[in-house]
Amino acid sequence: MRVTEQNTDRLKTILAVSEHLQNIAEGTGPIKDYEVISAEMDARVIGCTRANWMRHPFAVAERAFALDLSQAARILRDFPTAKAYISFSERTGIPLAALLRSRHTRPAHVMIAHRLNTRSKRLFRQISQWHNGIDTIVTMCSTQLEYARQLLPDSSVFIRQGIDTDFYSPQYGAYEGNYILSVGSESRDYATLAQAAEIFPYPIKILASSPWSRNRVRNDSQSLPTNMEFLPRLDYDSVRKLYREAKVIVVPLHDTYYAAGVNAVLEGFAVGKPVLVSGSLGILDYVCHSNNAYVVPVANAEALADAVELLWNDSALREALGEEARRWVVCHCGLVTYAAAISQIVKNNLK
């Protein structure tokens with residue numbers, strides 16, 4: 001069920017997302033996690049609006065701290081009597097918490113956090129003590145859980161991210177293309193992938209135009225190996241087709257303390273493809289070497305190239321990894337399971 005911003009007389013929970021809801025076309029692409037949670041909790045989704053935001057009084061602070069201050073203020077202004085708030089990222093959750101913390105009585109507030117340990121977020125905490133406006137922090141990996149427990153020692157949990165495994169599903173009997181696919185831009189180590197590409201001859205297609213990342217991957221075609229190609233932004237159906245027809249999915253990562261690359265890994269799992277990933281600390285809650293993925297050391301071009309050669313030439317290994325990856329992601333990262341866990345946390349925090 002698609003969710004839009006509509007008036008409702010049965011307001012219970014506000015789901016705050018840093019996304020333009022008007023950009024979600026009816027019935028296209030994968031279902032979002034907040035859509036499933038909204039349907040389960042009879043809640044309302046409020047997206048981020050940025051009309052004339054450059055002239056907004058919060059604009060300078062928003063750019064400095066990478067936080068949606070104006071959205072947080074709008075939510076409290078328009079929906080002051082909600083029983084609970086769920087923030088789907090720190091961008092909205094942290095400023096919302098900062099505004100809520102000074103209230104003598106306040107609604108429940110659950111924040112889903114992806115990367116708590118940035119310098120700007122630590123600085124904003126010193127200024128605002130925003131952690132006092134949150135009841136539970138939900139992290140997407142165990143390394144971030146360590147940071148969350150420094151803020152809320154008894155009210156922080158780790159839940160694996162959920163994805164739409166029906167949209168990202170195998171197409172049995174589909175053509176297996178003659179290329180390697182890499183998707184995403186957040187903390188990607190495409191420099192090491194380029195070094196590995198100098199060793200093997202197989203073509204690599206890179207889709208690095210994620211709308212969710214503030215990072216931008218430099219595409220200098222003159223310095224790329226001849227077998228490496230950056231693709232333009234594509235629609236969801238085209239991205240799914242790329243996944244389904246790739247021979248190997250490669251997710252080269254820098255070593256990070258958050259779950260960078262998790263969307264690409266889980267989408268590759270869901271379409272039943274062999275996923276080759278750098279062993280970043282933040283992704284280790286999702287991958288198990290030679291079980292659901294093939295894991296290589298971070299920033300090691302030779303190991304990456306050797307793994308590509310192995311997977312490219314071993315169809316039995318590719319099939320085994322893909323089958324287990326699909327089974328694992330459906331079992332552990334389905335949207336229904338994820339939504340139920342978040343909903344239960346909110347219910348446990350209702351005043």
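Residues numbered from 1 in each chain as written. Predicted model: local features only at pLDDT ≥ 70, side-chain atom pairs only at ≥ 80, totals over all residues. Heavy atoms only, no water.

Bringing the overall build of the chain into the picture now. Broken down by element type, the chain carries 12 helices and 12 strands. For the chain, with 351 residues in total, the buried portion stands at 56%. A total accessible area of about 16200 Å² is found for the chain, and carbon and sulfur atoms account for 48% of it. (Helix = DSSP H or I, 4+ residues; strand = E, 2+ residues; numbered from the N terminus. Buried < 20%, exposed > 50% of the residue type's maximum accessible area, 1.4 Å probe, protein only. Areas by Shrake-Rupley, 256 points an atom, 1.4 Å probe, with all protein chains shown as cover.)

Turning our eyes to something else, we now look at the pairing of strand 7 (residues 180-183). Going residue by residue along strand 7, you find Ile 180 and Ser 182 tucked away on one face and Leu 181 and Val 183 tucked away on the opposite face as well. Note on the crossover from strand 7 through helix 7 (residues 190-197) to strand 8 (residues 204-207): the handedness is right-handed. Where strand 7 meets strand 10 (residues 248-251), two bridges bridge the pair, whose relative direction is parallel. From the neighbouring strand, Leu 181 faces strand 10, where its bridge partner is Ile 249. (Right-handed = clockwise from strand over helix to strand, strands pointing away. Pairing = 2+ DSSP bridges.)

What follows is about the sheet that holds strand 7. Spatial strand order, 9-8-7-10-11-12: six strands in an open sheet with parallel pairing. At either end of the open sheet lies a strand with only one pairing partner, and these are strand 9 (228-230) and strand 12 (294-296). Ignoring which end each strand starts from, the neighbouring axes of this sheet average 25 degrees apart. Here four bridges tie strand 7 to strand 8, and the two strands are oriented parallel to one another. Bridge pairing in strand 8 links Leu 181 to Lys 205. Against the sheet, helix 7 contacts strand 7, strand 8, strand 9 and strand 10, and its axis sits at roughly 170 degrees relative to strand 8. (Axes fitted to C-alpha atoms, helices over the stretch in contact; angles between N-to-C directions. Contact = heavy atoms within 4.5 Å.)

Here Leu 193 lies in helix 7. With a relative accessible area of 0%, Leu 193 lands in the buried category. A sequence separation of 57 residues divides Leu 193 from Val 250, and the C-alpha atoms of the two residues are 8.8 Å apart. Ignoring anything within four residues of it in the chain, the contact list for Leu 193 reads Ser 182, Ile 204, Ile 206, Met 228, Val 250, Pro 252 and Leu 304.

Here we come to the pattern of salt bridges. Tallied over the entire structure, the rule returns eight salt bridges. Arg 327 is paired through a salt bridge with Glu 324; the nearest N and O atoms lie 2.7 Å apart. Linking Arg 327 with Glu 324, this pair stays in helix 11 (residues 315-332), spanning three residues, or about one helical turn. Note on Arg 327: relative accessible area 43%, which makes it partly exposed. (Salt bridge = Lys/Arg side-chain N within 4 Å of Asp/Glu carboxyl O.)

One non-glycine residue, Gln 129, lies in positive phi territory at about 55 degrees. Examined against the element boundaries, Gln 129 turns out to sit in the loop between helix 5 (119-128) and strand 5 (136-139). The partly exposed category is assigned to Gln 129, whose relative accessible area is 32%.

To continue, consider the pairing of strand 4 (residues 108-113). Burial analysis of strand 4 places six of its six residues in the buried class, which makes it a mostly covered element. Of the two faces of strand 4, the one lined by Ala 108, Val 110 and Ile 112 and the one lined by His 109, Met 111 and Ala 113 are each fully buried. As paired strands, strand 3 (residues 84-87) and strand 4 are joined by four bridges and run parallel to one another. When the bridges of strand 4 are listed, Ile 86 appears paired with Val 110. Between the parallel pair strand 3 and strand 4, the chain is carried across by helix 4 (residues 90-100), and the sense of this crossover is right-handed. By the bridge criterion, four bridges tie strand 4 to strand 5 in an arrangement that is parallel. Directly across from Ala 113, in strand 5, lies its bridge partner Thr 139.

What follows is about the state of the cysteines. Enumeration over the complete set of coordinates arrives at zero disulfides. With no disulfide of its own, Cys 331 has Cys 333 as its nearest cysteine by sulfur position, at a separation of 9.0 Å. (Disulfide = S-S within 2.5 Å.)

Turning our attention to the packing of aromatic side chains. One pass over the structure, following the stated rule, counts eight aromatic pairs. Ring centres of Tyr 168 and Tyr 243 lie 6.0 Å apart, and the angle between their planes is 90 degrees; on these two criteria the pair is classed as edge-to-face. Placement of the pair is Tyr 168 in the loop between strand 6 (156-158) and strand 7 and Tyr 243 in helix 8 (residues 236-245), with a sequence separation of 75 residues. For Tyr 243, a relative accessible area of 0% translates into the label buried. Every member of this aromatic cluster is reached through a ring pair, and the members are Phe 167, Tyr 168, Tyr 236 and Tyr 243. Above the plane of the ring of Tyr 179 lies Lys 205, whose end atom (NZ or CZ) is 4.3 Å from the centre. Stacked on the ring of Phe 167, the Lys or Arg Arg 240 has its end atom at 4.0 Å from the ring centre. (Phe/Tyr/Trp six-rings, centres within 6.5 Å; stacked < 30°, edge-to-face > 60°. Lys NZ or Arg CZ within 6 Å of the ring centre and 35° of its normal.)

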